[in-house]
There are 2 protein chains.
Amino acid sequence: MRDLTPLFDPRSVAVVGASADRAKWGYSVSEQLLSLPSGRDIYLVNRRGGDILGRTAFRNLADLPAPVDLVAICVPASGFLDAVRDSLAAGARALVAITAGLGEADAEGEKIEREAVALVRSAGAVLVGPNCLGVTDSSTGLRLASDPFRPGDVAVLSQSGNMVLDLEALMADEGLEIEDHISRFVSLGNQADVAVTDFMLDCVGHDATHAVAIYAEDVMDGRAFVQAARALAEAGKPVVLLAPGSSDAGRRGAASHTGSLTSADNVIDAACTASGIHRVHTPLQMVDALVALRQPFRAASGRVGILTDGGGHGSVAADSLHRVGLDVPLLSAELGVKLSRSLWSQSSVSNPVDLAGIGEQDPLSYARGLRTLLDSDEVAAVLLTGYFGGYAQTNEALAGPEIRAGEQIADIVRTAGKPVVVHTIFPESDSIAVLRGAGVPVHRDVGRAAAALAMLVETDVQVRSDPIDLPPSGRPTPSVDYVAARSALSDAGIAFPRSAIVKSEQDLDDLLSSAVVGFPRRPTPSVDYVAARSALSDAGIAFPRSAIVKSEQDLDDLLSSAAIGFPLVMKAMGLLHKSDAGGVVLDIADEVRARAVFADLVRRLQPSVVSVEQMVDHEGAVEVIVGSTWDPRFGPVLMVGLGGVLAEVMEDVAFALAPVTHATASRLLHSLRGAPLLTGVRGRAPIDMSALVDVVVAVSEAASRHPDWVEVEVNPVIATPTGAVAVDARIIPAQRNSL
Amino acid sequence: MRDLTPLFDPRSVAVVGASADRAKWGYSVSEQLLSLPSGRDIYLVNRRGGDILGRTAFRNLADLPAPVDLVAICVPASGFLDAVRDSLAAGARALVAITAGLGEADAEGEKIEREAVALVRSAGAVLVGPNCLGVTDSSTGLRLASDPFRPGDVAVLSQSGNMVLDLEALMADEGLEIEDHISRFVSLGNQADVAVTDFMLDCVGHDATHAVAIYAEDVMDGRAFVQAARALAEAGKPVVLLAPGSSDAGRRGAASHTGSLTSADNVIDAACTASGIHRVHTPLQMVDALVALRQPFRAASGRVGILTDGGGHGSVAADSLHRVGLDVPLLSAELGVKLSRSLWSQSSVSNPVDLAGIGEQDPLSYARGLRTLLDSDEVAAVLLTGYFGGYAQTNEALAGPEIRAGEQIADIVRTAGKPVVVHTIFPESDSIAVLRGAGVPVHRDVGRAAAALAMLVETDVQVRSDPIDLPPSGRPTPSVDYVAARSALSDAGIAFPRSAIVKSEQDLDDLLSSAVVGFPRRPTPSVDYVAARSALSDAGIAFPRSAIVKSEQDLDDLLSSAAIGFPLVMKAMGLLHKSDAGGVVLDIADEVRARAVFADLVRRLQPSVVSVEQMVDHEGAVEVIVGSTWDPRFGPVLMVGLGGVLAEVMEDVAFALAPVTHATASRLLHSLRGAPLLTGVRGRAPIDMSALVDVVVAVSEAASRHPDWVEVEVNPVIATPTGAVAVDARIIPAQRNSL
């Protein structure tokens, strides 16, 4: 773990490239730095000297009267490397590099950036950026950015400055109180040295930080990111992540914005599941998540009670909860009777619970209804929706009772320890202020209230016990894989030779006949079926009995040994398109037929060898696909799905970071829309889940041991009521970047 | 069409049940009525007379000095029928029945309600409610509700009073200007006489109304509702519908709130598609839709350009648009060059278009970029996202240019005739005010901005040419079908005998073995396969050649006639569970086997008859399910989906109001996730879409002619590259309500 003390709590700070010109960063950073009395020594450095913000500027870092802890570098790219050298010579242990036009701009800039990082690291210092907007820490009074941020307890780590302005404005608008803003702000920039993960780890022990909000287009070392998020979760500090790139255009935007390599959406989701990160998609969702997560209660399940005084609001709230995946269960008759007693006879008690008018007679009925709901074990949370907050306005006599109701509700929430979220037409009312004051999340829009509740359902902590560490050789490096880099850079407008990714013989065949890529062409290597089967068998995955046959003599030996029972399958190997060429023959029932098929294969196709296999019984079978792709940031990402053409068209697949435990493998399989086919539907026998889970775990483990596999796919696995057998497999080995 | 003039523009108004007690509706309605000088004669009636709001109350309607046009009835349920009689006697041509505790409460109330409606209709008058909160019309100055509403051009028709309060408060908060509120408000109540559709039709010719917002738990006559919405769409008046019930709990809430029968979610969606209604799910979405739809431009496709000065905002906006189903296409090189010229070389021009800093040098660059985007035919709309609105704040010198940019943007939008929606961090700034003033929708949250744009994509107007009228006998009536009513009332806590719905022999078998329903039981009739096949064949749907065989002699005659070619299928009819009992035998290859199978079926199963059919060739086949269910509100609703167990598990189905045109049938089939299976995937031959579309249209037409069919299902239809043949079918006839 890097020591970030000199960065967040330096004894002295210098700004190199300080300026009196208001349009320059060197001005705004200096102005912010000086705006708060901190007891720190502050030095402004400008090679022309002169007066800046009422201070005489030093011409060189070497002129400073004492060593300096932290230097902010605001000079142009051409002077960057000198400024880094001078800073280290002046004793700097932390550098904040505002300078842009380096790694994000071109190869020359990247070279300078690498050189600077080498200097910084060998001096034992740390560097933020370059191409960043600065750093603040409200717990130490450090303001080293162009904007002041209101102090609070959320650490904001961001690759976009505008996104933080958006976020802070929303925090002010949307319910976070003035004391609940930003504990630390870090503009991540190019993350050339210190990256988002380092800041996350530092926040684990930062007392002033109670939650971490991240805008990241590129999380760099994905496994370290997940570890850091787990550490924050264990420290009780929620992490909320806004990571763009769920669309092609979003990824394109990120690539041209920061040159970032965004991981695929399902990979980010898998990482969030593995670490308890709350993922959001807009700044507003991020603020809503922070508001929800700052109250201490979580729902043990997705079962929500709705309490309202107005049937319309109850119905609309129920639909909103349904849309975010929550459940509004029908309540038991016993609970209904209790609710009727605490409300009145007209009240509807089936859930939504509708006071049906008792609210305007007696606002305290809300508190009684809420207590009855929360005391039962039939709901894990309550959404209060609609008119509460408005009674005093229509009838002054209700002002006192409504506030008392608010106080009672706040008490009940505390005692019950279950989350309550409020939607109200009257967010500015006194009784609602009581609820807000007690930390109850309040929303004007029922859709946002429902989404906030969804954020509070406890995630499956069990998955956090999945292994995350990979063998040292298997750690993905922040450097970008060739294909991914080419794709990101092409999107950003950089020309590459015509190319195509070929994953199967069929793909290659299609490509060759399409003439998209002219000759000469450079092929992608691929491991052939026999080798893939062998590697995966070694990993514990069951394949049918099989043998390699090269000659009629081999076949005779095999048949006389009876090592493989009939019916057989024969596959001619070493062909570009074995299926289309008739190179796979199923259901070979006897020796005569076997000899005939072999002779025919040899005559027609001249295969290198023929694989003879026992044909798998398809009785009651479901075809399953299990694979793993090596993500350049997150390493091996497991994919499971139902196989066959229909399932493929439906894209019914689920992802997790590999390797996975048996529990996670089982969860993934059950999360498929088509899961009923596995567990038994329309009277079908359930397939042997334990065997199938074993295959999934084995593939995930094999993939994790093999950074040299870009992709492994076992497809199909024939899952039956009595077992799970792989009948085809493919491995695509890593290709060295040969740009 | 009902004449609603006496309701919305009466010459005189009386309130029966007027009260001096501020807690009573008779007070608030009277107070509102008197609050606006309207030149109308206003009479307050209270059987005890006395002084109310400074006026002497009449003791009886009979005492009024002149006939009265409109009477608001605020008396308790017990006095309701007398008040109706007195009102009609006093000359009333319109009644607003505030009185609650009638049809929504119990059978006795429903009887009173029916009697009142009969009186009103025979007098040629109209009645709103009962159980309603009143009516207002800002164009005639009529205020007959408990709350005043700000005048505007949106007609609000609602089954919930609180929902309208919510909506109006949001209109004030969220961007609708003060003059853009409510033209008419109608609290629909029980819709015993005048229903939502009548008010919609009246709004077609109401000059002050430019859009119609509906909160409806029950739209009553669904076909009339669709017709009315089409009429409004043709008049250029958008309709926005908030209809709860997309979840079980939402339907339960509606049932206990207004006793409403909510139609299934997919039925409501089908009705909205058929009529161009914009469906929303929360009050906030409704206000956003109204704001978006009041500007005149629509997007001809879902292709959106993003313009931003900040890569993070561009990426997040792209993801947000993707999530609402819009497309952010990569722009052509030609357009990229043009954009580069109007911006600067650093700008990213691939879409998202990122000014990359030129905005803070020159805010007019926004206008140039926007013009270049909108002038091209590569995008149909633009989302402007992020920092615009904030330049003047950081640099006063930019205040003038930023406002000029706003003015230019407003001009460009007008000229281009394409919609532009804005997301900004600075919604209160002067330049944003210019955009708002020009009618450009502005949002603080990018998620809402994206959703607003999605609302502006032109819907397929072609579907509005689908027939909506049903044969007179086929019109669904507002009265509730037994099964639906039982379900709604059970959910609301009313006890019914144990029951189960049985749709197939298998269902019945399951039920009988489960012992859920004890004996004696009353069965649901069902039309047998042979009769269903005959009805559907008559409707033009192709079945395999077939013949009914009752004896060996029949079979001999059939075989010697060679009317049906081999292979054959035999189905033993008249059995409870023909498949399980081995009553269906496939692939009968010759006469010997045919005779043997027939003899065996007769011996084992004693079927009433045996259906002998030509076996359908499954080569290249996809199984499709086509059916229709009779919705109690909307009549026949067509369903198409892919058949087979996997497709069933995936719930890959699409719905439309029946009957449908060939165009709609084709659209439905193509909308299935599994559509690639129909159109050819992985080298499969495409199936004969024309034949399949014919089957879908024929089923939809047959269903529409048969209100006596609760459900018809043709499953499977075997769709192949050369045709589409039905091989099984079932019809469930209507069951008279026999409670």
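Residues numbered from 1 in each chain as written. Chains lettered and ligands numbered in written order. Predicted model: local features only at pLDDT ≥ 70, side-chain atom pairs only at ≥ 80, totals over all residues. Heavy atoms only, no water.

### Remarks on the nonpolar core
Put simply, the test is: In this description, a nonpolar core means a group of buried Ala, Val, Leu, Ile, Met, Phe, Trp, Tyr and Cys residues linked to one another through side-chain atoms lying within 4.5 Å. Exposure is judged per residue with a 1.4 Å probe applied to protein chains only, and the accessible area is read against the type maximum: over 50% gives exposed, under 20% gives buried, and values in between give partly exposed. Residues are treated as being in contact if the distance between any of their heavy atoms lies within 4.5 Å.
Ranked by size, the top nonpolar core spans 96 residues in total, and within it L642(A), L692(A) and L692(B) carry the most contacts. In this structure, L692(A) is in contact with V624(A), L669(A), L678(A), I687(A), V717(A), A719(A) and A724(A), ignoring residues within four places of it in sequence. Judged by nonpolar contacts, the second largest core, of 92 residues, contains A450(A), A211(B), A249(B) and A380(B).

### A few points about the pairing of strand β21 (residues 568-572) of chain A
All names here are of chain A. As a reminder, the rule being used: Only runs of H or I of at least four residues qualify as helices and only runs of E of at least two qualify as strands under DSSP, and these elements are numbered from the N terminus. Two strands qualify as a pair provided that DSSP identifies no fewer than 2 bridges between them.
Most of β21 sits inside the fold, with five of its five residues counted as buried. Burial along β21 is two-sided: L568, M570 and A572 facing one way and V569 and K571 facing the other are all buried. With three bridges connecting them, β21 and strand β22 (residues 584-588) associate as antiparallel partners. Residue pairing for β22: M570 is matched across the bridge by V585. Of the strand pairs in this sheet, β21 and strand β23 (residues 610-614) are connected by five bridges, and their pairing is antiparallel. From the neighbouring strand, A572 faces β23, where its bridge partner is V610.

### Focus on the environment of G134(B)
All names here are of chain B. In this fold, G134 is placed in strand β8 (residues 134-137). When its relative accessible area of 0% is taken as the criterion, G134 is described as buried. In this structure the C-alpha to C-alpha distance between G134 and L188, which are 54 residues apart in sequence, comes to 8.3 Å. Not counting residues within four places of it along the chain, the set of residues in contact with G134 comprises V96, I98, L144, A145, F185, V186 and S187.

### Let's talk about the domain arrangement of chain A
As a reminder, the rule being used: Residue ranges assigned to the domains are those given by an automatic or database domain assignment.
Each domain of chain A was delimited in the assignment, giving domain 1 (5-231 + 245-259), domain 2 (299-455) and domain 3 (545-614). Using C-alpha coordinates to define each centre, domain 2 of chain A is positioned 70 Å away from domain 3 of chain A.

### Describing the environment of V154(A)
Mapped onto the elements, V154(A) comes out in strand β10 (residues 151-158). Separated by 58 residues in the primary sequence, V154(A) and V212(A) place their C-alpha atoms 5.6 Å from one another.

### What to know about the side chain of T372(B)
Residues and elements named next belong to chain B. Within the secondary structure layout, T372 lies in helix α14 (residues 364-375). On the basis of relative accessible area, T372 is assigned to the buried category, the value being 15%. Discounting residues that sit within four places of it in the chain, T372 has contacts with L335, K338, L339 and S342.

### Here's the deal with the sheet that holds strand β17 (residues 381-386) of chain B
All names here are of chain B. Strand order in this open sheet of five strands is β16-β15-β17-β18-β19, and the pairing throughout is parallel. In this open sheet, the two strands that pair with only one neighbour each are β16 (353-354) and β19 (442-443). Pairing analysis gives two bridges linking strand β18 (residues 420-424) to β19, with the strands arranged parallel. In the sheet register, V422 faces β19, and the bridge partner there is V442.

### Comments concerning the interface of chain B and chain A
When the parts come together, some accessible area is lost, and that loss is often what is quoted as the size of the interface. Operational definition: Here the buried area means the combined drop in accessible surface, using a 1.4 Å probe, for two parts upon being joined, counting both sides. When a carboxyl oxygen of Asp or Glu lies within 4 Å of a side-chain nitrogen of Lys or Arg, that pair is called a salt bridge. Each polar contact in these results corresponds to two N or O atoms within 3.5 Å; when the atoms are within protein, one needs to be able to donate a hydrogen and the other to accept it, and residues that are neighboring in sequence are counted only if both atoms are side-chain atoms. Each residue gets one of three labels, nonpolar for Ala, Val, Leu, Ile, Met, Phe, Trp, Tyr, Cys and Pro, charged for Asp, Glu, Lys and Arg, and polar for the others, Gly among them.
At the interface, 69 residues of chain B touch 69 residues of chain A. Of all residues in chain B, the largest losses of buried area upon contact with chain A belong to R252(B), R444(B) and M650(B), amounting jointly to 11% of the total for that side. There are two salt bridges connecting chain B and chain A. With a closest N to O distance of 2.7 Å, D166(A) and R444(B) form a salt bridge. At the surface where chain B touches chain A, the tally comes to 24 residue pairs in polar contact (both at pLDDT 80 or more). Counting only elements with at least two residues in the side of chain B that touches chain A, the list comes to α5 (161-173), α8 (248-258), α10 (283-294), α11 (311-323), α18 (446-455), α24 (644-650) and α26 (675-679) of chain B. It is α11(B) that contributes the most residues to the side of chain B that touches chain A, 10 residues altogether. Taken together, the residues that form the side of chain B that touches chain A break down as 30 nonpolar, 24 polar and 15 charged.

### Examining the pairing of strand β25 (residues 635-642) of chain A
All names here are of chain A. In terms of burial, β25 is a largely internal element, eight of the eight residues being buried. In this structure, strand β24 (residues 622-631) lies alongside β25, joined through eight bridges in antiparallel fashion. Within β25, the position partnered with V626 by the bridge is V640. The turn joining β24 and β25, which pair antiparallel and follow one another in sequence, is formed by three residues. Note that β25 and strand β26 (residues 653-657) share five bridges and pair antiparallel. Looking at the pairing, G641 lines up with V653 of β26.

### Notes on the relation of the copies chain B and chain A
This is how it is decided: Here the copies were fitted onto each other by least squares, based on C-alpha atoms from residues at pLDDT of at least 70 in both.
Superposing chain B onto chain A requires a rotation of 180° together with a translation of 0.1 Å along the rotation axis, leaving an RMSD of 0.1 Å. The symmetry that links the two subunits is that of a two-fold axis. Taken as a fraction of all interface residues of chain B, those also at the interface in chain A reach 100%, which identifies the copy contact as same-surface.

### Things to note about the packing of aromatic side chains
Here is the rule we go by: Any pair of Phe, Tyr and Trp rings, taking the six-membered ring for Trp, is counted once the centres come within 6.5 Å. Such a pair is stacked with planes under 30 degrees apart, edge-to-face with planes over 60 apart, and tilted for the rest. We call a charge positioned over a ring when the NZ of a Lys or the CZ of an Arg lies within 6 Å of the ring centre and within 35 degrees of the ring normal.
Taken as a whole, this structure holds 14 aromatic pairs over all chains when the rule is applied. Judged by centre distance (5.8 Å) and plane angle (80°), the ring pair of Y43(B) and F58(B) falls under edge-to-face. Taken as a pair, Y43(B) in strand β2 (residues 41-45) and F58(B) in the loop between β4 (55-56) and β5 (70-73) lie far apart in primary sequence, 15 residues in all. In this structure Y43(B) comes out as buried when scored by relative accessible area, which is 8%. On the accessibility criterion, F58(B) (25% relative accessible area) is partly exposed. Among the aromatic side chains, those forming a connected cluster through ring pairs are Y366(A), Y387(A), F388(A), Y391(A) and F426(A). A cation over a ring is seen here: R184(A) above F8(A), with NZ or CZ 3.7 Å from the ring centre.

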